[in-house]
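Single-letter residue listing:
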Amino acid sequence: MKSIKQRHGSALVLSVLIVLAAVLLVCCSESVPGSSGDTSGEPVTAEIISASKTETEAPGTEKERIPDDEGANQVMGKGIGVNPGRVSWAYNTDAFKWTGSGYWWLEKNFDTDAVEQMMSDIICSLAGEDDINDALDRLFIDFNTRYCGQAITYKPGEKIAIKVNMNVTGVTNPASSNNATAYFPSPVTVRALLKILVGYGVEPDDITVTDPSRVIPTYMQEYCSAEELKGVRFVYYDNYQMTGSNDAVADLTRPIHWSYDFTQDNWVDSGGTPQVNTTYWPKCVTEASYIINLFNLRGHTLAGYTASAKNHFGTVMPGLTNSDGSVTFPTKYRTNPPTWATLHHYCAARDYNSTPKELWDLPKRDMGTYSVLVDLISNRDCGGKTFLYLCDGLVATYHQQCDVTLDERWYSAPFGGGTKATKGWTNSLFASQDPVAIDSVCLDFILAERAAALAVGDNKWLKYMPDGHTTENYLVEAALADDAPSGIGYHDGYGKPVGSLGVFEHWNNSTYKQYSRNLGADEGIELIPITY
């Protein structure tokens, strides 16, 4: 059996629909991995990696390779990583099977073994290794070669910060409040990652799970620090407990220097107080040698969708500089940093109007304009030292404020059957070293779901991703950061210009989900699906 690194599998539709499988069998004379009952035609090109997992290869006919979506396979930027531009995608329908009763986030609703296998598989696939420790070695060496010019792996004692997106959580016990059905990273997903890191040799007390502007529920803390994980730290907005023992603390020696001067736009609140004050990184981030960006797959009411870059809206800490030169961090700043740092103004993908007007009257950012999201992934203290990007797509929602209900299941293949009666959970995990590539893939999945929803008469996407939205502005600016359409000179937070921050393109179509590297090109995204 060949190892993963000897294979360069390409994307094939992962649809579980019998009808679609039949069409492919007729048109392609190939079986669909995971389907049954056909032995005719060419053999399946996927190779068995384990008893339960396959990494699929691309169909072979020219007809299947023809892009048929507008803007498909138009590559911008330069791929990053051991396998540049690679995004590994694990899809397992057994991972999450909540039926709507009780709290979705409890362990009993997940197949923990399946999730842990998925997490290991996407990291191995990303690095092109069979063994998880060899894979991590390779990812660390590749990252350090790019970050500090040394081909070295992780050293014991180095700290790792995992940025999770807890945007909707406001209390330590979600079961006691209206946060009971809120959507946040699955504790099972977080624990799966932590177990891999600790098994690799990272001491638990050298790992910090953090969201400085939100609460990490007690249940997640206890679940993710039990047994071999005892000692894992959790840093968040801890003032809700009135103790502050786990509260994030700003590093006043690390102010954030943006590539655009926000003060020139003179944003103020209703009292005339400037919204733009100095923003800082938290110490748990500046003290870390490495960052892992663990975000969610979901739409967003203002930016169209939210992925790895926007996850760091919760990382920044805007401070109020007082007349005596001291810096304080008011509660309203801590609980809504992107608003008070005016970050929302520079990522709106549609015209957004809400109250209060001085904070939420936000015009759409046109294509070819500055995007604050680019600065977040280019900053040397933040995106610059992120060595791994992970997307928790076991449960995906239509926007960040959605409760997790059965209605949040998706229509699009392979998750649903394209009708209102055949919706399914997304049950996916994604990994990449390239922030632009993984965010591009996430956008394509969201756009496919938007189209599928509209096709069955569900128009909810039009409210926050209307025709003419500019969600791609960030991706184009990031991919071409060294010569951005906006003309902005993006830098690393220390004045050093940055090059391309990753590769952007759309797949050829939502059926085959093939990117340029899947089609044999030397540049572009490569999507590696893993099915079970």
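Heads up: the structure comes first, above all this text.
Residues numbered from 1 in each chain as written. Predicted model: local features only at pLDDT ≥ 70, side-chain atom pairs only at ≥ 80, totals over all residues. Heavy atoms only, no water.

*Asks:* What am I meant to see in the overall build of the chain here?
*Replies:* Within the chain one finds 13 helices and 20 strands. Within the chain, buried positions represent 58% of all 532 residues. Looking at the chain alone, contacts between residues at least 24 apart form 72% of all its contacts between residues at least 6 apart. Total accessible area on the chain is roughly 19,800 Å²; 49% of this is exposed by carbon and sulfur atoms. (Helix = DSSP H or I, 4+ residues; strand = E, 2+ residues; numbered from the N terminus. Buried < 20%, exposed > 50% of the residue type's maximum accessible area, 1.4 Å probe, protein only. Contact = heavy atoms within 4.5 Å. Areas by Shrake-Rupley, 256 points an atom, 1.4 Å probe, with all protein chains shown as cover.)

*Asks:* Just checking my understanding: could you explain the environment of Ile 123 for this structure?
*Replies:* Structurally, Ile 123 is set in helix α3 (residues 112-127). Note on Ile 123: relative accessible area 0%, which makes it buried. The spatial distance from the C-alpha of Ile 123 to the C-alpha of Ser 88 is 7.7 Å, given a sequence separation of 35 residues. Beyond its immediate chain neighbours, meaning those up to four positions away, Ile 123 contacts Ile 132, Ala 135, Leu 136, Leu 139, Ile 196 and Leu 388.

*Asks:* Any chance you could explain empty space enclosed by the protein here in plain terms?
*Replies:* The gaps left among the atoms become clear once a water-sized probe is rolled over them. Following the criterion strictly, the structure yields 3 cavities of 30 Å³ or more and no others. Its volume calculated, the largest cavity comes out at about 140 Å³. Cys 347, Ser 371, Leu 373, Thr 471 and Tyr 474 are, among the 19 residues lining the largest cavity, the residues nearest its centre. Elements that contribute at least two residues to the lining of the largest cavity include exactly β11 (304-306) and α13 (472-479). Here the residues of the lining of the largest cavity sort into 11 nonpolar, 5 polar and 3 charged. (1 Å grid on protein atoms, 1.4 Å probe; cavity = no way out; pocket = protein on both sides within 12 Å on 5 of 7 lines; lining within 4 Å. Points joined across faces, edges and corners; volume = space filled by probe spheres on them. Nonpolar A, V, L, I, M, F, W, Y, C, P; charged D, E, K, R; others polar.)

*Asks:* For this particular structure, what's the right way to read the sheet that holds strand β12 (residues 317-318)?
*Replies:* The strands making up a sheet associate through backbone hydrogen bonding, with each pair oriented either parallel or antiparallel. One open sheet accounts for 3 strands, arranged β8-β9-β12; its pairing is antiparallel. The open sheet has two free edges, formed respectively by β8 (250-255) and β12, since each of these has just one partner strand. Both strand β9 (residues 279-282) and β12 contribute to a ladder of 2 bridges, which runs antiparallel. Residue Tyr 280 lies in a different strand from β12, and its bridge partner there is Met 317. (Pairing = 2+ DSSP bridges.)

*Asks:* How should the environment of Asn 379 be read in this particular structure?
*Replies:* Relative to the helices and strands, Asn 379 resides in the loop between α11 (372-378) and β17 (386-397). It is 7.2 Å that separates the C-alpha atoms of Asn 379 and His 491, two residues lying 112 residues apart in sequence. Those residues in contact with Asn 379, other than ones at most four positions away along the chain, are Ile 256, His 257, Trp 281, Gly 384, Asp 492 and Gly 493. In terms of polar contacts, Asn 379 uses its side chain to reach the side chain of Trp 281, at 3.3 Å. (Polar contact = N/O pair within 3.5 Å; in protein donor to acceptor, adjacent residues only side chain to side chain.)

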